[in-house]
Amino acid sequence: MATSWNAKAYAAAGPTASLAPITIARREPTERDVHIEILYCGICHSDLHTVRDEWKSVMPTVYPCVPGHEIVGRVTRVGSAVTKFKSGDLAAVGCMVDSDRTCGDCQHGLEQFCANMTLTYNSPDKHLGAVTYGGYSDAIVVDERFVLHVPSQLDLAGAAPLLCAGITTYSPMRHWGVTKGKKVGVVGLGGLGHMAVKFAHALGAYVVVFTTSPNKKDDALRLGADEVVISRHRDEMKKQRGSFDYILDAVSADHDINAYIDLLRRDGTLTLVGAPEKPLAVAAFSLIFGRRSLSGSPIGGIPETQEMLDFCGTHNITADVEVIPIQKANEAYDRLLKSDVKYRFSIDMASLKSV
Ligand code: NAP
Ligand code: ZN
């Protein structure tokens, strides 16, 4: 077992517990490890799903759970064999901290599909034997292969959410060929959705946002949408039928997926990145008529995550964030459930020093 030291963190002790301060063990950096002082960590809806054990049928939560996989910080120490980073560099960590590196997926830089991939939190910890702990913490130790470079011109609080919300929307849009001349729908203007709008716009697509929140209309247009549809208005929905090449669904809760599949043109694809707790009912005829496809996509591989960060550096793209101290994390979770976030909470980890 590796030797360890103590870090400060916020954790949930059980599915109905609030997040509260805790001391956790982190490993001493091995020769390929990077020790990062965490400056900002975004709050992803997946943190909330996991903390409340809403995905128990697929990924049961081990407690205490320290969430957080949108991490930006500064390197404070590196192991003797580290070549990509030095002390003082900016560094970022997303949803993964390890994989087997030998399978076909890893060899293609698609570590997110590796059967032996280690998630940043709630995975078995190969080094210390317990469970991995995420970024609601003052520091983290990660193998350099899973650490990313942050373009120095980006605002750091806004860059943190790129590590999950960013890559999770960039990757499928690149895979399914979102580009100039395509009509692209984005369903749900939350953390993921607002990044999808920015990327689809930057890739040159015609972008339509579907939202349940009429008060987000002006923001959607400002973020890069060409049209906004209030999804509860049936006549507005009807006008869009059969017209989309691609739709990205980033909704966190139960909703009528068929209402969106019906908006695809022939051979169009709808990709689910949103991961509601309960299965969604799919009407066969929504897919059959129009030979449409329904797909899903998880985060993105390490090389593509770096590509996305570099793309953001070139296009000056970051998340729109509300920066909060860690003491407000529980309140932020309550607000996420009310779709009351514009458009990502980013925790200023300096607030953990006073805990
Ligand atoms: P979020 O910020 O809470 O945004 C979710 C949005 O969904 C809300 O802002 C709201 O948008 C819409 N929404 C919420 N409840 C709804 C309802 N009952 N009916 C219709 N629309 C509703 O969440 P997020 O962090 O972007 O995450 C979104 C989902 O993606 C979560 O399930 C998360 O776990 C999942 N996720 C998946 C991956 C992956 O790898 N595939 C990665 C990260 C996150 P409007 O107000 O515009 O309607
Ligand atoms: Zn996430």
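Quick look at the structure, then. (Residues numbered from 1 in each chain as written. Chains lettered and ligands numbered in written order. Predicted model: local features only at pLDDT ≥ 70, side-chain atom pairs only at ≥ 80, totals over all residues. Heavy atoms only, no water.)

What follows concerns the sheet that holds strand β14 (residues 293-296). Pairing is parallel across the open sheet formed by six strands, whose spatial order is β11-β10-β9-β12-β13-β14. Each edge of the sheet is formed by a strand with only one pairing partner; in this case those strands are β11 (227-230) and β14. Neighbouring strand axes in the sheet, compared pairwise and without regard to direction, differ in orientation by 20 degrees on average. As defined by bridge partners, strand β10 (residues 206-211) adjoins β11 across four bridges and the pair is classed as parallel. In the sheet register, F210 faces β11, and the bridge partner there is V229. (Pairing = 2+ DSSP bridges. Helix = DSSP H or I, 4+ residues; strand = E, 2+ residues; numbered from the N terminus. Axes fitted to C-alpha atoms, helices over the stretch in contact; angles between N-to-C directions.)

This next bit is on helix α5 (residues 191-202). Its 12 residues place the ends of α5 17 Å apart at the C-alpha level, agreeing with the 16 Å of an ideal helix rising 1.5 Å per residue. With 10 of 12 residues buried, α5 is to be regarded as a mostly interior element. Listed as buried for α5 are G191, L192, G193, H194, M195, A196, V197, K198, F199 and A200. Just downstream of α5 lies G204, where phi reads positive at about 95 degrees. (Expected span 1.5 Å × (residues − 1). Buried < 20%, exposed > 50% of the residue type's maximum accessible area, 1.4 Å probe, protein only.)

Around ligand 1 lies a shell of 30 residues, among which T211, T212, S213, K216 and R344 are the nearest. G191 is positioned with one of its backbone polar atoms (N or O) 2.9 Å from an oxygen atom of ligand 1. Computed on the free molecule, ligand 1 has an accessible area of 930 Å², of which 89% lies beneath the protein chains in the complex. By residue number, the principal contributor to the shell around ligand 1 is helix α1 (residues 45-51), which donates three residues. Split into classes, the residues belonging to the shell around ligand 1 amount to 13 nonpolar, 14 polar and three charged. (Near = heavy atom within 4 Å. Polar contact = N/O pair within 3.5 Å; in protein donor to acceptor, adjacent residues only side chain to side chain. Areas by Shrake-Rupley, 256 points an atom, 1.4 Å probe, with all protein chains shown as cover. Nonpolar A, V, L, I, M, F, W, Y, C, P; charged D, E, K, R; others polar.)

Turning our eyes to something else, we now look at the coordination of the zinc ion (ligand 2). Metal coordination angles have textbook ideals: 109.5 degrees for a tetrahedral set of four donors and 90 or 180 degrees for an octahedral set of six. For the zinc ion (ligand 2), every protein donor is listed as C44 (SG), H69 (NE2) and C164 (SG), and the spread of their distances is 2.0 to 2.2 Å. Expressed as a motif, the donor residue spacing for the zinc ion (ligand 2) is C-x24-H-x94-C. Of this pair, H69 sits in the loop between α1 and β4 (71-78) while C164 sits in the loop between α3 (156-159) and α4 (165-175); the two residues are 95 residues apart in sequence, bridging distant segments of the chain. With respect to burial, H69 and C164 carry one shared label: buried. (Donors = N, O, S within 2.8 Å, 3.2 Å for Na, K, Ca; no water.)

Now for the nonpolar core. Among the nonpolar cores identified, the biggest contains 99 residues, and I43, Y136, L162 and F199 are the most heavily contacted of them. Apart from the residues lying within four places of it in its own chain, the contact partners of I43 are E70, Y136, I324, A329, A332, Y333, L336, R344, F345 and I347. In this structure, V208, I257, Y260 and L270 belong to the second largest nonpolar core, which totals 15 residues. (Core = buried A, V, L, I, M, F, W, Y, C linked by side-chain atoms within 4.5 Å. Contact = heavy atoms within 4.5 Å.)

Attention now goes to the side chain of S123. Structurally, the position occupied by S123 is in the loop between β7 (118-119) and β8 (139-143). When near neighbours in sequence (up to four residues on either side) are disregarded, S123 contacts M117, T118, A130, V131 and T132.

This paragraph deals with the packing of aromatic side chains. For the structure shown, the criterion picks out seven aromatic pairs. Ring geometry for F199 and F311: centres 6.1 Å apart, planes at 55 degrees, overall tilted. Linking F199 in helix α5 with F311 in helix α10 (residues 302-315), this pair joins segments that are 112 residues apart in sequence. This pair shows no difference in class: F199 is buried, exactly as F311 is. Linked through ring pairs, Y170, F199 and F311 together constitute an aromatic cluster. (Phe/Tyr/Trp six-rings, centres within 6.5 Å; stacked < 30°, edge-to-face > 60°.)

In terms of burial, β8 is largely enclosed, as five of its five residues are buried. A two-sided burial pattern is seen for β8, the buried positions comprising A139, V141 and D143 on one face and I140 and V142 on the other. The pairing of strand β3 (residues 33-43) with β8 spans five bridges and is antiparallel. The partner of H35 across the bridge, within β8, is V141.

The values are spatial; any link to function lies outside them.
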